[in-house]
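Take a look at the letters that make up each chain.
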Amino acid sequence: MSMDHKNSITLKDAKAKNLKGSFFKIIKLLKPYRAKAILAIVLSIIGSICYIFGPLTLAKITKICQAGVIDFKEITKLGIILIFIYATSALCTYFCGFLMTGCTQRVCRSLRADISEKINRVPLSYFDRTSLGDVLSRVTNDIDTVGQNLNQGATQIISACTTFVGVFIMMLILSPAMTIIPLISIPLSLLAMALVVRISQKHFRNQQRGIGKLNGHIEEAYAGHLIVKSFNQEANKLKEYDKINAELEKSAWKSQFLSGLMMPLMNFIGNLSYVSICVVGGIKIVLGHFGLEYIQMFIQYTRMFNQPMQQVGQITNLLQSCTAAAERVFEFLEIDELKKEENTTFIPKEDVIGNVEFKDVNFGYYPDKQIIYNFNCKVNSGDKIAIVGPTGAGKTTMVNLLMRFYEVNSGDILIDGVSNKNITRENIASLFGMVLQDTWLFEGTIRDNLKFGNKNASDEEIWQALKAAHMDHFVHSLPGGLDYVLDESANVSQGEKQLLTIARAMIENSPMLILDEATSSVDTRTEVLIQNAMDKLMEGRTSFVIAHRLSTIKNANKILVMNKGNIIEQGSHDELIALDGFYAGLYNSQFANK
């Protein structure tokens, strides 16, 4: 098992309750890479030690320059040593950063992998109440923020700590009394930093949430661009965008402004130390306690001592942004998942008979809003079942329950006498071929799209399906034929895409079918051709057809008429027309003009 996979497993139990907790979870994510992290720390320590010994060499050069006769040979020698010291420090710092960058990027890769896996385990109800743009923002922007800021922050923390300790030891060796001066600045720096962090922390959190909200709005606006234009809502959408953008600007300004105060405050406190060192050091030189080179060395060490404190301010800003983004990522990772499937039965495709039964099914998308009431229906193998009714009657909901996209509140759904609760979701998905009203084709060749549900399909089977869907001539006319790439620039109409999805369902060759408004995007002439192909496809297969065009389901074995979550009528087309009830009213209203 790889390190990344081990790390991925630990993330599944992650809980995000606050920024502090998220920070420590990030640290735990680095555990699989502790060997590289330790090596980075060692390199940072070596680099800091070399950096610390620089002022000692400079002090020796200063002392030589104060002598009556300057020893240029000794100065040259010390200069070479100084170059070597600083070069070694730079190389160690470089490799420390290189190692930490590798660690943090692997953490980001694991986070993305966990979110990718998590999405498959999250109930669809979560996406009903969460914008797609916000989810995408967590996967992209928030994880990128974690990676960038964690990389910079971790490297600087290591460097700052080693430099701080090393310089403090050197200052104590030189002059314990004068070391007290820069030490006084520490509580002042910490107090200023704590004050800024306390105020700015909530603004960093609001900033990340604002970015997610803005991304959600943009995704929605671009996805529905044609609808927005057709309803002349550009101005309103822009106004809404400006409002969200203004809120983001406000939170971003506050977080960046407050965090920007950190460095000036650190510099101001550090400069007070320099002034104090110069005054006290000048007095000691006059009194003859030590020479000028010691003051020069101590001033440099004071600058180096204050530098980590200033870095702490910058690190704090990075870590605040990092933990705010990480909190959103962990919030997604802790969402309640689909219930674990235990004691399940696997039903091979070839063993499926196709009997389906709904027994006293009750369901609601929300606990306080039930939409399906005591739904009962028996479907025999090979039957073509049409489900009709007004909008909101519960037609698509029944299909979602059949596929276990949602779990029933009570009751049961049986496939060949086996409860679908005892069949894995993956198994159920393999038993049904689906053609939905919303066509979905990914960017890739026509061949890859058509083989999406059956990777072993041959080109001969693909062409047979295309011929049955009356798309063979169209595909032959495309440059490359089956190798034609479908992307945003592809000249393929919505109706043609719908036909391709129908051909895809034919190639999948599942024992049962679900057709949700499968002919909604084709003209009347094509609809007749597709209907003939569909009849051939549905031969010997249990089929569930959701249709608003009642002319397409006249030959169904049974028509279920739904209204407000209940079956109010059922029977064949002729039986329901003769009944002269709800179905007859729907049918006659569609053909009144004819």
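Just so you know, these numbers come straight off a predicted model, no measurement behind them.

Ranked by internal contacts, the top residues of the largest apolar core, which has 41 residues, are Ile446, Leu450, Leu466, Ile553, Ile559 and Tyr583. By residue number, the principal contributor to this core is helix H17 (residues 494-508), which donates 7 residues. Ranked by size, the runner-up nonpolar core spans 32 residues in total, among them Phe363, Ala393, Ile415 and Ile423.

Attention now goes to a nonpolar patch on the surface. Together, Ile38, Leu39, Val42 and Ile46 make up an exposed nonpolar region whose accessible area comes to about 330 Å². Locating Leu39 in the fold gives a position in helix H3 (residues 34-66). On the basis of relative accessible area, Leu39 is assigned to the partly exposed category, the value being 43%.

What follows is about the side chain of Lys118. Note on placement: Lys118 falls in helix H4 (residues 72-121). Side-chain polar atoms of Lys118 contact the side chain of Glu337, separated by 2.9 Å. Apart from residues no more than four positions distant in its own chain, Lys118 is found in contact with Phe332, Leu333, Glu334, Ile335 and Glu337.

What follows concerns the pattern of salt bridges. Considering all chains together, one arrives at 11 salt bridges under this definition. Arg112 is the salt-bridge partner of Asp144, the closest N and O atoms lying 2.6 Å from each other. With Asp144 in helix H6 (residues 132-174) and Arg112 in helix H4, the pair connects residues that are 32 residues apart, well separated along the chain.

With 27 residues, helix H9 (residues 234-260) extends 37 Å between its outermost C-alpha atoms, agreeing within 8% with the 39 Å of an ideal straight helix rising 1.5 Å per residue. Those residues of H9 not exposed but buried are Ile244, Leu248, Ser251, Ala252, Ser255, Leu258 and Ser259.

Let's shift gears to unusual backbone geometry. Notably, Asp360 is not glycine yet its phi reads approximately 50°, a positive angle. With respect to the helices, strands and loops of the structure, Asp360 is situated in strand E1 (residues 356-363). By relative accessible area, which is 42% here, Asp360 ends up partly exposed. Even without being a glycine, Asp580 presents a positive backbone phi close to 55°. In this structure, Asp580 sits in the loop between helix H19 (573-579) and helix H20 (582-590).

What counts, and at which threshold
Residues numbered from 1 in each chain as written. Predicted model: local features only at pLDDT ≥ 70, side-chain atom pairs only at ≥ 80, totals over all residues. Heavy atoms only, no water. Core = buried A, V, L, I, M, F, W, Y, C linked by side-chain atoms within 4.5 Å. Buried < 20%, exposed > 50% of the residue type's maximum accessible area, 1.4 Å probe, protein only. Helix = DSSP H or I, 4+ residues; strand = E, 2+ residues; numbered from the N terminus. Patch = residues over 30% accessible without salt bridge, like charges linked within 9 Å, V, L, I, M, F, W, Y side chains within 5 Å. Areas by Shrake-Rupley, 256 points an atom, 1.4 Å probe, with all protein chains shown as cover. Salt bridge = Lys/Arg side-chain N within 4 Å of Asp/Glu carboxyl O. Polar contact = N/O pair within 3.5 Å; in protein donor to acceptor, adjacent residues only side chain to side chain. Contact = heavy atoms within 4.5 Å. Expected span 1.5 Å × (residues − 1).

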